[in-house]
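Read off the chains here:
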Amino acid sequence: ARWHLTMSLTPSRGCLLDLPWEDILVPHILCHLPLQQLLSLQRVSKSFQSLIQLYLANMRCFDSSQIGPAIPRAAFVNLLKDNEVLQQLALQNCSDWLTDRELLPVIGQNHHLHQIQLKGCAQLSRHALVAISLSCPNLRRLSLAHCEWVDSLSLRSLADHCKALEAVDLTACRQLKDEAICYLVQKCSRLKSLSLAVNANVGDVAVEEIAKCCPELEHLDLTGCLRVKNDSIRVLAEYCPKLRSLKVKHCHNVAESSLSILRSRGVELDVEPPLQRALVLLQDVVGFAPFINLQI
């Protein structure tokens, strides 16, 4: 209510713009407004335009989804051209236009980034990941899901320079094989969450190395990793006492004989026990099965 009351006053009457910009307006007021509204606010006056530019230069988090279904290339470049203090960068809706040319300057001038989301940004190249590894030593979380340009050399660069990583999403990064994953986990032993889903090149060698190198691991996604077998799941159960969830759907060589160990520890699995699965299938076929106790 106070905001609307203040905004009802024209800038010439004072009030809002008379407050200290860097001490009050930017950290305590503007940060509560959606980015799209802030950009609209620039059109009120030249003073408001200057205020919003100051906010953008001091913005800690940038999420492209806050602007709308798509963000123009020129707008992205203009919004972040003066920012050197970003900590979180999420670019989910930029796959149609985002290339190294737009991203690399932002990465190069923001050395405090600890979270980067590039899911589905298909037009980037391995140079983007190398730039991230060289510019962001404090990186904790990185999503590269469906970025098929990620290769073993760029992943090695990430592993060499970003050893504080705690969460990495490499879903459908199909160039990566066991050797690259092994190198990553050997260097980044603090990993708590890792996704290797939809990667037919990942097998037991990588999973066993993950287990032995990452004792803090809590979440592992192996969905569709067809080369993963029971032996590596047993190693995972042995070496990862903090594991909370494991996804192995469509891993046809992983059976209950290995999963039961994790299931008995309360680890969340995305496949049901064989008996439970059989009963559900039977219920689907028959339509209903009142005589079956599904709580077995």
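See the structure printed just above.
Residues numbered from 1 in each chain as written. Predicted model: local features only at pLDDT ≥ 70, side-chain atom pairs only at ≥ 80, totals over all residues. Heavy atoms only, no water.

A. Molecular detail of the overall build of the chain. Scanning the chain from N- to C-terminus turns up 13 helices and 9 strands. Out of the 296 residues in the chain, the part that is buried amounts to 44%. For the chain, restricting intrachain contacts to residue pairs at least 6 apart in sequence, the fraction spanning at least 24 positions comes to 70%. Summed over its atoms, the accessible surface of the chain is roughly 15100 Å², and 51% of this surface lies on carbon and sulfur atoms. (Helix = DSSP H or I, 4+ residues; strand = E, 2+ residues; numbered from the N terminus. Buried < 20%, exposed > 50% of the residue type's maximum accessible area, 1.4 Å probe, protein only. Contact = heavy atoms within 4.5 Å. Areas by Shrake-Rupley, 256 points an atom, 1.4 Å probe, with all protein chains shown as cover.)

B. Geometry of the nonpolar core. Counting 91 residues, the largest nonpolar core has Phe62, Leu89, Leu91, Leu144, Leu170, Leu222 and Leu246 as the members making the most contacts within it. No fewer than three residues from each of domain 1 (21-58) and domain 2 (60-285) sit in this core. Discounting chain neighbours no more than four positions away, the residues touching Leu91 are Phe62, Ser64, Phe76, Leu98, Leu103, Gln117, Leu118, Lys119 and Cys121. (Core = buried A, V, L, I, M, F, W, Y, C linked by side-chain atoms within 4.5 Å. Domains from an automatic or database assignment.)

C. Spotlight on the sheet that holds strand β4 (residues 141-143). Strand order in this open sheet of 9 strands is β1-β2-β3-β4-β5-β6-β7-β8-β9, and the pairing throughout is parallel. On the outer flanks of this sheet lie β1 (61-63) and β9 (268-269), each paired with one strand and no other. Sheet analysis places β1 next to strand β2 (residues 88-90), joined by 3 bridges and oriented parallel. When the bridges of β2 are listed, Cys61 appears paired with Gln88. (Pairing = 2+ DSSP bridges.)

D. Fine view of the side chain of Ser133. Mapped onto the elements, Ser133 comes out in helix α7 (residues 126-135). Separated by 2.6 Å, the side chain of Ser133 and the backbone oxygen of Val130 make a polar contact. Ser133 has contacts with Ser157, Leu158, His161 and Cys162, leaving out every residue within four places of it along the chain. (Polar contact = N/O pair within 3.5 Å; in protein donor to acceptor, adjacent residues only side chain to side chain.)

E. Representation of the environment of Gln123 within the structure. Topologically, Gln123 is positioned in the loop between β3 (115-117) and α7. The class of Gln123 is partly exposed, set by a relative accessible area of 40%. When the C-alpha positions of Gln123 and Glu148 are compared, they lie 9.5 Å apart, and in sequence the two are 25 residues distant. Contacts of Gln123, omitting those with residues within four sequence positions, involve Ser95, Asp96, Trp97, Leu98 and Thr99. From its side chain, Gln123 meets the backbone oxygen of Asp96 in a polar contact 2.6 Å long.

F. Seen up close, the state of the cysteines. Enumeration over the complete set of coordinates arrives at 0 disulfides. Between Cys182, a cysteine without a disulfide, and Cys213, which holds the nearest cysteine sulfur, the sulfur-to-sulfur distance is 7.6 Å. (Disulfide = S-S within 2.5 Å.)

G. Inspection of the packing of aromatic side chains at higher detail. Per the counting criterion, the structure on display carries 2 aromatic pairs. Between Phe76 and Trp97, the ring centres sit 5.4 Å apart and the planes meet at 55°, which makes this aromatic pair tilted. Of this pair, Phe76 sits in helix α5 (residues 73-80) while Trp97 is found in the loop between β2 and α6 (100-108), placing the two residues 21 residues apart along the sequence. In this structure, Arg156 packs its charged tip against the face of Tyr183, placed 4.0 Å from the ring centre. (Phe/Tyr/Trp six-rings, centres within 6.5 Å; stacked < 30°, edge-to-face > 60°. Lys NZ or Arg CZ within 6 Å of the ring centre and 35° of its normal.)

H. Structural view of the packing of α6 against α7. At a minimum axis distance of 9 Å, the contact between α6 and α7 shows a crossing angle of 5°. As summarised for this structure, α6 and α7 are arranged roughly parallel, according to the angle between their axes. Mapping the contact onto sequence places Asp100, Leu103, Leu104, Ile107 and Gly108 in α6 and His127, Ala128, Ala131, Ile132 and Ser135 in α7. Its residues assigned to classes, the contact of α6 with α7 comprises 6 nonpolar, 3 polar and 1 charged. (Axes fitted to C-alpha atoms, helices over the stretch in contact; angles between N-to-C directions. Parallel < 35°, antiparallel > 145°, perpendicular 65-115°, else oblique. Nonpolar A, V, L, I, M, F, W, Y, C, P; charged D, E, K, R; others polar.)

I. Seen up close, the pattern of salt bridges. Taken as a whole and judged by the stated rule, the model has 11 salt bridges. Across the pair Glu179 and Arg156 runs a salt bridge whose closest N-O atoms are separated by 3.6 Å. Taken together, the residues span a long stretch of sequence, with Glu179 in helix α9 (residues 178-187) and Arg156 in helix α8 (residues 152-161) at a distance of 23 residues. Relative accessible area serves as the criterion here: at 28%, Arg156 is assigned to the partly exposed category. Note that Arg244 and Glu218 form a salt bridge whose closest N and O atoms lie 3.3 Å from each other. Residue Arg244 is located in the loop between α11 (230-239) and β8 (245-247), and its partner Glu218 is located in the loop between α10 (204-213) and β7 (219-221); the two are separated by 26 residues in the primary sequence. (Salt bridge = Lys/Arg side-chain N within 4 Å of Asp/Glu carboxyl O.)

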